Amino acid sequence: MEERKTLYSAIQPTNNLTIGNLIGAIKNWTNLQNGYDCFFAIANMHAITVRQVPAELRQKTLNMLALYLACGIDPEKCVMYVQSHVPAHAELCWVLNTLTYVGEMERMTQFKDKSARHAENINMGLMDYPVLMAADILLYQTDVVPVGLDQRQHVEIARDIAQRFNNAFSPTFKIPEALYMKVGAKINDLLDPSKKMSKSAENPNGSVFLSDDRDTVIRKFRRAVTDSGLEIKYDPENKAGVSNLLSIYSAFTGKTISEAEADFAGRGYGEFKLAVGETVADRLAPIQKEQARLLAEKDYLDGVLRSGAERASKAANRTLSKVYKKIGFFQL
Ligand code: ATP
Ligand code: LTN
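Residues numbered from 1 in each chain as written. Chains lettered and ligands numbered in written order. Predicted model: local features only at pLDDT ≥ 70, side-chain atom pairs only at ≥ 80, totals over all residues. Heavy atoms only, no water.

(A) Structural view of the environment of Leu295. Of note, Leu295 is situated in helix H12 (residues 269-295). Residue Leu295 is classed as buried on the basis of its relative accessible area of 19%. Expressed as a C-alpha distance, the spacing of Leu295 and Leu67, which sit 228 residues apart in the sequence, is 9.1 Å. If near-sequence neighbours (up to four positions away) are discounted, Leu295 is found in contact with Gln59, Leu62, Asn63, Ala66 and Leu301. (Helix = DSSP H or I, 4+ residues; strand = E, 2+ residues; numbered from the N terminus. Buried < 20%, exposed > 50% of the residue type's maximum accessible area, 1.4 Å probe, protein only. Contact = heavy atoms within 4.5 Å.)

(B) Broad picture of the side chain of Thr142. Counting through the fold element by element, Thr142 comes out in the loop between helix H7 (124-139) and strand E4 (144-146). Owing to a relative accessible area of 1%, Thr142 belongs among the buried residues under this scheme. Engagement of the side chain of Thr142 in a polar contact is seen with the backbone oxygen of Ile137, the distance being 2.7 Å. (Polar contact = N/O pair within 3.5 Å; in protein donor to acceptor, adjacent residues only side chain to side chain.)

(C) Local environment of the nonpolar core. Ile19, Ile26, Phe40, Tyr68, Phe221, Ile248 and Val280 are the most contacted members of the largest nonpolar core, which has 60 residues in total. Sorting elements by how many residues they give to this core places H12 first, with 10 residues. For Phe40, the contacting residues outside a window of four places in its chain are Leu7, Ser9, Trp29, Tyr68, Ile73, Cys78, Val79, Met80 and Tyr81. Residues Tyr81, Leu126, Met127 and Met133 belong to the second largest nonpolar core, which totals 43 residues. (Core = buried A, V, L, I, M, F, W, Y, C linked by side-chain atoms within 4.5 Å.)

(D) Structural view of the site of ligand 2. Surveying the vicinity of ligand 2 reveals 13 residues, the closest of which are Ala10, Tyr129, Met133, Asp136 and Gln151. A distance of 3.1 Å separates a nitrogen atom of ligand 2 from a polar side-chain atom of Gln151. Protein coverage of the free-state accessible area of ligand 2, which is 360 Å², stands at 91%. Among the elements that line the shell around ligand 2, the one with the most residues is H7, at 4 residues. A per-class count over the shell around ligand 2 returns 8 nonpolar, 4 polar and 1 charged. (Near = heavy atom within 4 Å. Areas by Shrake-Rupley, 256 points an atom, 1.4 Å probe, with all protein chains shown as cover. Nonpolar A, V, L, I, M, F, W, Y, C, P; charged D, E, K, R; others polar.)

(E) Layout of the site of ligand 1. The immediate surroundings of ligand 1 are formed by 21 residues, with Gly148, Asp150, Lys196, Ser198 and Ser200 found nearest. Lys196 has a polar side-chain atom sitting 2.3 Å from an oxygen atom of ligand 1. Contacts to ligand 1 include Lys199, whose side-chain N or O atom sits 2.8 Å from an oxygen atom. The element that contributes the greatest number of residues to the shell around ligand 1 is helix H1 (residues 19-32), accounting for 4 residues. Its residues assigned to classes, the shell around ligand 1 comprises 6 nonpolar, 10 polar and 5 charged.

Below is the structure:
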């Protein structure tokens, strides 16, 4: 039998997730979990590169796990764990730091964006973010990394660092490939459709959070920016707002873009926006209910994380000990 490939992804528990995270990341994970050996992390070490409130970070970590489960990620099939529970991430990051150049980190788009947004706290961790992410991916000998398009540069650098290590020592890391979905790899802000929808956007009315109640979801869609035209057709260049709404509708219903266009042929923007809002609200309700149910099951969540940490550590330590051997760390 052919060996199963390994899939790795993670989300930072920095805020409530948006429908961008759901469509761009989690939904694909649930579709992919049957075909791969999957690791899904809650990247709390990445999260602290921007200042967090400790009690909130702790709670958001559990919220995120409950959400993974509520969206249908199955702990029998996948390893779900908290990044800081596996010390090998920090350990490999240190080694990889010695193979990474300051100049290339300074040029990373996300680093530049976040430095501008958090000018008072441009810390070393923020700059090192991509190296920690490379450590995450490479520890598990990952084949594929399903992420949104905004993470492209980070996966590229992980590949470069892996290759650099393999060339400097000997083949050690598998070279990972990013995996983007055709529809929904980039969901945009409802108020500024030229920007990606983000969970830490300045104006929360442009982002739809998975925790938003029905009225809030519908209100946000009603106010979504479209254009002065009339036609409901997919044309991201000229009709960014309408195209974004069509992508969201298509992702939430499983219809193709042309089926989505057909559903709204001849209808007005107002009706269209309301229909998309209702569709999204209908799909979020059961996820929210299941998440709340799971959050009350503390022992169960604890068990999932304990078993996740154990399984992840085992795989990660296998790679780390190879690395330590190759670089000449004296081993006991
Ligand atoms: P922040 O605003 O705090 O930087 P974020 O909303 O960009 O966060 P991340 O934790 O950085 O979220 O990303 C988690 C996953 O969700 C990644 O795979 C990312 O590519 C994906 N993702 C985030 N935003 C979108 C979006 N608007 N469209 C599609 N995928 C997205
Ligand atoms: N930076 C990622 C989150 C993340 C990640 C990873 C994604 C941390 N480690 C490893 C894939 C693989 C983001 O989506 N913002």
